[in-house]
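Results of the structural survey
Chain by chain, the residues:
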Amino acid sequence: SVIVAQQAGGAAAPRQVTPAPHQATPVVHRPRPVMMAAVDPALLAGLNYRLVGPSRGGRVTAVTGVPSQPKTFYMGVASGGVFRTTDGGGTWTPISDGQIPLGSIGSIAVADSNPDIIYVGTGPDGVRSNVSTGRGIYKSTDGGKTWVFAGLRDGGQTGAIRVHPANPDIVIAAMTGDIFKANAERGVFKSIDGGKTWKKTLYLSDQLGAMDVEFQPNNPAVVYAWMSRLERKPWTIISGSIEGGFYKSTNGGDSFNKISTGLPGQLIGKGNLATTAANPNRIYALVEAKPGGGLYRSDDAGMTWAQVNATPALVQRPFYYTTLGADQINADIVYAGAEGFYKSVDGGRTMTSMRTPHGDNHDIWVSPKDGNVMIQSNDGGANVSTDGGRTWSTIMNQ
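Worth saying up front: this structure is predicted, and the values here are computed from it rather than measured.

In terms of regular secondary structure, the chain is built from zero helices and 31 strands. Along the first, second and third principal axes, the C-alpha set of the chain runs to 105 × 50 × 40 Å. Here the chain holds 398 residues, and 54% of them are scored as buried. Looking at the chain alone, contacts between residues at least 24 apart form 48% of all its contacts between residues at least 6 apart. In the structure as shown, the chain presents an accessible area of about 18200 Å², 52% of it carried by carbon and sulfur atoms.

It is worth spelling out the pattern of salt bridges at this point. Tallied over the entire structure, the rule returns 10 salt bridges. Residue E231 pairs with R229 through a salt bridge whose shortest N-O separation is 2.8 Å. Take E231 and R229: they sit in the same class, and that class is buried. A salt bridge links E231 to K233, with the shortest nitrogen-to-oxygen separation between them at 2.9 Å. With a relative accessible area of 6%, E231 lands in the buried category.

Empty space within the largest pocket amounts to approximately 1200 Å³. Looking at the largest pocket, it is lined by 50 residues, and the ones nearest its centre are T64, R162, E214, T275 and W365. Of the residues forming the lining of the largest pocket, the biggest block, six residues, is contributed by strand β21 (residues 267-275). Class assignment for the residues of the lining of the largest pocket results in 26 nonpolar, 17 polar and seven charged. Of the volumes computed, that of the second largest pocket is approximately 170 Å³. In terms of lining residues, the second largest pocket is bounded by S239, G240, L267, I268, G269, V287, E288, A289, K290, G293, V315 and P318. Elements represented by at least two residues in the lining of the second largest pocket include exactly β21 and β22 (283-290). With four residues, the single largest contributor to the lining of the second largest pocket is β22.

Below, the discussion takes up the sheet that holds strand β6 (residues 93-94). Sheet architecture is open: four strands sit in the order β3-β4-β5-β6, paired in antiparallel fashion. Each end of this open sheet is capped by a strand with a single partner; those strands are β3 (60-66) and β6. Taken together, the two bridges between strand β5 (residues 81-85) and β6 define a ladder with antiparallel strand orientation. Along β6, the bridge assignment pairs R84 with T93.

Turning to unusual backbone geometry, a few remarks are in order. The omega torsion across K290 and P291 is -5°, close enough to zero to call that bond cis. Mapped onto the secondary structure, P291 falls in the loop between β22 and β23 (294-298). You will see that T322, though not glycine, has its phi angle at about 55°, which is positive. Looking at where T322 falls in the secondary structure, it is placed in the loop between β24 (306-309) and β25 (323-326). Residues other than glycine seldom take positive phi values, yet D360 does so here, at roughly 65°. Topologically, D360 is positioned in the loop between β28 (352-354) and β29 (361-366). Residue class for D360 comes out buried when judged on its relative accessible area of 17%.

Relative to strand β4 (residues 69-77), β3 is paired through six bridges, and the arrangement is antiparallel. Looking across to β4, one finds that T64 is bridged to Y74. Two successive antiparallel strands, β4 and β5, enclose a turn made up of three residues.

Turning our attention to the confidence of the model for the chain. Confidence along the chain averages 92 in pLDDT terms, with 93% of residues attaining 70 or more. Here residues 1-19 is modelled with pLDDT under 50, and outside its nearest four sequence neighbours on either side it reaches 27 contacts, counting other chains as well.

Calculation rules
Residues numbered from 1 in each chain as written. Predicted model: local features only at pLDDT ≥ 70, side-chain atom pairs only at ≥ 80, totals over all residues. Heavy atoms only, no water. Helix = DSSP H or I, 4+ residues; strand = E, 2+ residues; numbered from the N terminus. Buried < 20%, exposed > 50% of the residue type's maximum accessible area, 1.4 Å probe, protein only. Contact = heavy atoms within 4.5 Å. Areas by Shrake-Rupley, 256 points an atom, 1.4 Å probe, with all protein chains shown as cover. Salt bridge = Lys/Arg side-chain N within 4 Å of Asp/Glu carboxyl O. 1 Å grid on protein atoms, 1.4 Å probe; cavity = no way out; pocket = protein on both sides within 12 Å on 5 of 7 lines; lining within 4 Å. Points joined across faces, edges and corners; volume = space filled by probe spheres on them. Nonpolar A, V, L, I, M, F, W, Y, C, P; charged D, E, K, R; others polar. Pairing = 2+ DSSP bridges. pLDDT = per-residue confidence, 0-100.

The structure is reproduced here in structure tokens:
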């Protein structure tokens, strides 16, 4: 008997064959080895890779800038890690590849007192049918060259990270929690040692997480937070409950009190907060609620609220969007985004549609030194403007 090769599923599988009497012995055809010709490396020295497509970016869920470096901006991608530009959006460079072990980014915070210190929260809180779970917070102390894990691995999606304006070791994080199930590591957390340890300072239940957190401008002893339930099931999205809403701290985020005067009081969902250094007592809140969804404003540091705009487009698919940002020089200028993007110059009472390079808007950061300088993100990428949003850098370079 001899061995012959038989094709099975594309692979050669040997089998035993016994020739019948008076039958010729089968011939075994063996493939000739492929000889690879040696190539002189010098012949390839002049070749370089170039991008041939696709050139457009994808969904960007977090952006921020550096006030002391007016052309430096960061973006966090829903599935691609952290990128940085130092030329106002002309070119982008990935800075977390191979170090932060997942590409799902929820928040980026650069310390004003030391821009080399950067905190990144994984897992975006823009929840839709496809969700990539976060795995905690990462930190860089050398401007993004290297990254280390900084805790809250089970915090799920990251609503926001804020760094104390004078002390980069004091950090407050809004953690949504495990988006697929109840868990205790959700709510507002505070670290005073640069992320080595965290203390949970606002917790309602194992189903309600923190959507956003903000320091009051010029007074970091005052901290604002928004709490809500946001959970993804295989067959639906749960966004909102009878609990949650707006909370305020006057001791640097060590404890919080709920304030609801003027805010919706029945089914309360996701909320995003925006403060402005132009008027530290003013806060904007874009709120998912039934009834009462829309844009709210407080002019007394959150003690009382009034709805200023109920345009449905502002709270379209709020579990996915709820985008809000305020100008830091003119307190009456506020930006809101969902599928479209909008700007108000009268404190939110009226909104004008703004054109951005792509629809589905997720985040905005406005420079505290120049209200014309901003970065905005959407499902096509991140784009920088230096003229108040009249023109934007391209999303075709990401």
